[in-house]
Amino acid sequence: GSIDLVRTSVNVPTYAGGGAGSFFVGGGTYQFSSSGGEDVAPFAFALEAPNDLIVSAPAVGTTGGALQIYRDQSLAVEWVPSAGQPVFVAVSHLATDLNTTSLVCRFADDGSAVVPADEMSRLPEPEPGEDYVHVFRNEFAFANVEGGGPTAFNISTTWRQDATLH
């Protein structure tokens, strides 16, 4: 199959395919190609997707709902490790005015990490909006696209959970 990419930025030519669901199988190899267009010259190359990300902690309660995250406490995260890409843990707040504040930490892909309380304290005081935690792996490839220079391509696997920041 194929995924159509749409332009997501006016200032810098940025294209994305997104939405609910998974576009690829972790560990699979995917072909990227374009016959060219207004912003991009023709190109073709392959990129291997990062392995699926299976997160076991923080655990969501048996009744579901949002994770309870505290600015004065460390956040422990556990996942099934996979050789290769680092794992990123992000705690984010999307304010009602659509401004986003995120704390993002990079860890070795060894299956566990702790975001220290002193880092968590950098998050803003709780305010109206949406809070969430996401854990992700990225795989990047750079292609030298004629007329566009070095161009980055990214595939990521992400675990995301709604949260309440206290």
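Residues numbered from 1 in each chain as written. Predicted model: local features only at pLDDT ≥ 70, side-chain atom pairs only at ≥ 80, totals over all residues. Heavy atoms only, no water.

Asks: It is not clear to me how the sheet that holds strand β5 (residues 55-57) should be interpreted in this structure. Could you clarify?
Replies: Within a sheet, each strand pairs with its neighbour through backbone hydrogen bonds, oriented either parallel or antiparallel. Reading across the sheet, the three strands line up as β5-β7-β10 and stay open at both edges, with antiparallel pairing between neighbours. Every other strand in the sheet has two partners, leaving β5 and β10 (112-115) as the edge strands with one partner each. Geometrically, the sheet is characterised by an average inter-axis angle of 25° between neighbouring strands, direction not taken into account. (Pairing = 2+ DSSP bridges. Helix = DSSP H or I, 4+ residues; strand = E, 2+ residues; numbered from the N terminus. Axes fitted to C-alpha atoms, helices over the stretch in contact; angles between N-to-C directions.)

Asks: Would you take a moment to explain the pairing of strand β8 (residues 87-95) for this structure?
Replies: Consecutive side chains along a regular strand alternate between the two faces of the sheet. Counting buried positions along β8 yields eight of nine residues, so the element is predominantly enclosed. With eight bridges joining them, β8 and strand β9 (residues 100-107) adopt antiparallel strand pairing. Counted as the bridge partner of Val89 is Cys105 from β9. Connecting the antiparallel pair β8 and β9 is a turn made up of four residues, with Leu98 showing a positive phi of about 75°. (Buried < 20%, exposed > 50% of the residue type's maximum accessible area, 1.4 Å probe, protein only.)

Asks: Whenever I open this one, the packing of aromatic side chains confuses me. Can you help?
Replies: Given two aromatic rings, one states the distance between the centres and the angle between the planes to describe the pair. With the rule as written, the count across this model stands at one aromatic pair. Summarising the aromatic geometry, the rings of Phe88 and Phe136 are spaced 5.2 Å apart at their centres and angled 15° between planes, so their arrangement reads as stacked. Residue Phe88 is found in strand β8, and its partner Phe136 is found in strand β11 (residues 129-145); the two are separated by 48 residues along the sequence. Accessibility classification places Phe88 together with Phe136 in one group, the buried group. Seen from the ring of Tyr132, Arg160 lies directly overhead, with NZ or CZ sitting 3.9 Å from the centre. (Phe/Tyr/Trp six-rings, centres within 6.5 Å; stacked < 30°, edge-to-face > 60°. Lys NZ or Arg CZ within 6 Å of the ring centre and 35° of its normal.)

Asks: What am I meant to see in unusual backbone geometry here?
Replies: In terms of backbone geometry, most residues other than glycine have negative phi values and most peptide bonds are trans. Cis peptide bonds are those with omega within 30 degrees of zero, and the linkage from Ala57 to Pro58 qualifies with 10°. The topology assignment puts Pro58 in the loop between β5 and β6 (67-69). Backbone geometry at Leu98 places phi at a positive 75°, although glycine is not the residue there. Among the structural elements, Leu98 can be located in the loop between β8 and β9.

Asks: Help me understand the nonpolar core, please; the structure alone is not making it clear to me.
Replies: Across soluble globular proteins, nonpolar side chains show a tendency to be buried alongside one another. Judged by nonpolar contacts, the single largest core of 22 residues is most densely connected at Ile69, Leu75, Trp79, Val115, Met120, Val133 and Val135. Elements with a minimum of two residues in this core: β6, β7 (75-79), β8, β9, β10, β11 and β12 (149-165). If we skip the residues at most four places from it in the chain, Val135 touches Leu53, Val55, Val77, Val87, Phe88, Val89, Thr157, Thr158 and Trp159. Judged by nonpolar contacts, the second largest core, of eight residues, contains Phe32, Phe45, Ala141 and Phe153. (Core = buried A, V, L, I, M, F, W, Y, C linked by side-chain atoms within 4.5 Å. Contact = heavy atoms within 4.5 Å.)

Asks: So what exactly am I meant to see when it comes to the pattern of salt bridges here?
Replies: Once their charged atoms are close, side chains differing in charge can pair, the charge on each being opposite to the other. Taken as a whole and judged by the stated rule, the model has four salt bridges. Its salt-bridge partner being Glu119, residue Arg122 comes within 3.3 Å of it at the nearest N-O pair. Using a relative accessible area of 62% as the deciding quantity, one classes Arg122 as exposed. When the shortest N-O distance is used, the salt bridge between Asp162 and Arg160 registers 3.0 Å. Given the relative accessible area of 43%, Arg160 is considered partly exposed. (Salt bridge = Lys/Arg side-chain N within 4 Å of Asp/Glu carboxyl O.)

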